Amino acid sequence: MTRNRLLLVSLLALTLSACIAKQSGAAINPNGPGFLDGVMHGFIFPVAWIVSLFTDQIAVYAVPNNGGWYNFGYFLGVCVLGVGARSTRGG
């Protein structure tokens, strides 16, 4: 059974890796929004997403940005400060 699980997990990992998005070189600008802007954009994501449904003037992600640091800040903003920061208690 362990061998089958390992095969299944490996196949699932390969399948999911095919879904990884690539970032265009044109989307990276060294002077674009950086880490702190990413944190802020991640934090306000829920509101920005709702507003973006009704207007083309608002986006939930800044393009072009400075690449990895913006992405890391965005991730922290969403997960640590924003939507993912809510804790629940079981009981």
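Reading guide: rules and limits
- Residues numbered from 1 in each chain as written.
- Predicted model: local features only at pLDDT ≥ 70, side-chain atom pairs only at ≥ 80, totals over all residues.
- Heavy atoms only, no water.
- Helix = DSSP H or I, 4+ residues; strand = E, 2+ residues; numbered from the N terminus.
- Buried < 20%, exposed > 50% of the residue type's maximum accessible area, 1.4 Å probe, protein only.
- pLDDT = per-residue confidence, 0-100.
- Patch = residues over 30% accessible without salt bridge, like charges linked within 9 Å, V, L, I, M, F, W, Y side chains within 5 Å.
- Areas by Shrake-Rupley, 256 points an atom, 1.4 Å probe, with all protein chains shown as cover.
- Salt bridge = Lys/Arg side-chain N within 4 Å of Asp/Glu carboxyl O.

Looking at this structure, I do not really get the environment of proline 30. What am I missing?
With respect to the helices and strands, the residue proline 30 is situated in the loop between helix H1 (2-17) and helix H2 (35-43). Judged by its relative accessible area of 69%, proline 30 falls in the exposed class. Put simply, proline 30 and glycine 67 are 37 residues apart on the chain and 7.9 Å apart in space, counted from C-alpha to C-alpha.

How do you make sense of the confidence of the model for the chain when you look at a structure like this?
Where the model shows low pLDDT, its predicted coordinates should not be examined in detail. On average, residues of the chain score 85 in pLDDT, and 89% of them are at 70 or above. Averaged pLDDT values for the elements of the chain fall to 88 in H1 and rise to 93 in H2.

Which parts of the structure should I look at to understand a nonpolar patch on the surface?
Taken together, Met40, Phe43, Ile44, Val80 and Leu81 make up a surface patch of nonpolar side chains, about 450 Å² in accessible area. When residues of the nonpolar patch are traced back to their parent elements, those giving at least two are H2 and helix H4 (68-81). Following the sequence through the fold, phenylalanine 43 ends up in helix H2.

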